[in-house]
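Letter by letter, the chains look like this.
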Amino acid sequence: RIYRTIILLCHHNRIMTSPDGDTTKKRAELTNLVTQETRFQVIQNILAHPKSLPTLLELEHAIDKSQTTILGHIETLQNEGIVEKHKLEEAAPDEPSTFFAVTPYGLSVVDQLGVFDDLGLMREMYAQLDKPEKVQRYENAPRPELASVDEVQADLEAELDDLEPDEEVDPA
């Protein structure tokens, strides 16, 4: 159990501590990263998407910026571990094959910062967007299967169990 506690504490510290150990500085860096207008909209629209896996076309329509601009901000978020790209290898030629999701780390960051408190409202607003036929088709297209929260948690617990020693260690 001590190892599990250490791992969880390290995860929290990774999120909110800068390399020099300054939690205030790291919080400010993350706040600046995710609250920049376009990056904020990217994260917001990924989370608001019905499957939390929009395509670039869907993001472009919701954000009203060029695909080049959006991709630049997605790349920044990817480099920081906030967003990741997913491919659907078996997509038909007329269907999208690239999708974007907020990572578990990204979810931890936005949770710690408290910047997206009402996911239900965000999803309602996204659903109310007037979408052209192509965007609707993309929204309804097949998506890659991602692990559920329960599956990720089970995998993490299994990994943490593997880290636990087989025997009790006598501290004396």
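Just above, that's the structure.
Anyway, here's the lowdown on the structure attached to this text. The model shown is predicted, which means the values in this text are computed figures rather than measured ones.

The rules behind these values
Residues numbered from 1 in each chain as written. Predicted model: local features only at pLDDT ≥ 70, side-chain atom pairs only at ≥ 80, totals over all residues. Heavy atoms only, no water. Helix = DSSP H or I, 4+ residues; strand = E, 2+ residues; numbered from the N terminus. Expected span 1.5 Å × (residues − 1). Buried < 20%, exposed > 50% of the residue type's maximum accessible area, 1.4 Å probe, protein only. Polar contact = N/O pair within 3.5 Å; in protein donor to acceptor, adjacent residues only side chain to side chain. Salt bridge = Lys/Arg side-chain N within 4 Å of Asp/Glu carboxyl O.

1. Here we look at helix α3 (residues 37-48)
Working step 1: Helix length check: α3 (12 residues) gives 16 Å between terminal C-alpha atoms against 16 Å at 1.5 Å per residue, within 8%.
Working step 2: Every buried residue of α3 is accounted for by Thr38, Arg39, Val42, Ile43, Asn45, Ile46, Leu47 and Ala48.
Working step 3: Capping the start of α3, Gln36 holds a side-chain oxygen 2.9 Å from the backbone nitrogen of Thr38, two or three residues further along.

2. Details of the pattern of salt bridges
Working step 1: The final tally for this structure, using the stated rule, is three salt bridges.
Working step 2: Of the charged contacts in the structure, one is a salt bridge between Glu58 and Arg143, with a shortest N-O distance of 2.8 Å. Taken together, the residues Glu58 in helix α4 (residues 56-63) and Arg143 in the loop between α8 (133-139) and α9 (149-163) connect sequence positions 85 residues apart. For the pair Glu58 and Arg143, a shared accessibility class is recorded, and that class is buried.
Working step 3: Lys131 is paired through a salt bridge with Glu139; the nearest N and O atoms lie 3.2 Å apart.
Working step 4: Overall, the relative accessible area of 9% leaves Lys131 in the buried class.
Working step 5: Judged by relative accessible area, Glu139 falls into the buried class, the value being 14%.

3. Observations concerning the environment of Asp118
Working step 1: Within the element layout of this structure, Asp118 appears in the loop between α6 (104-113) and α7 (119-127).
Working step 2: Relative accessible area serves as the criterion here: at 43%, Asp118 is assigned to the partly exposed category.
Working step 3: Along the chain, Asp118 and Ala48 lie 70 residues apart, while their C-alpha atoms are 9.8 Å from each other.

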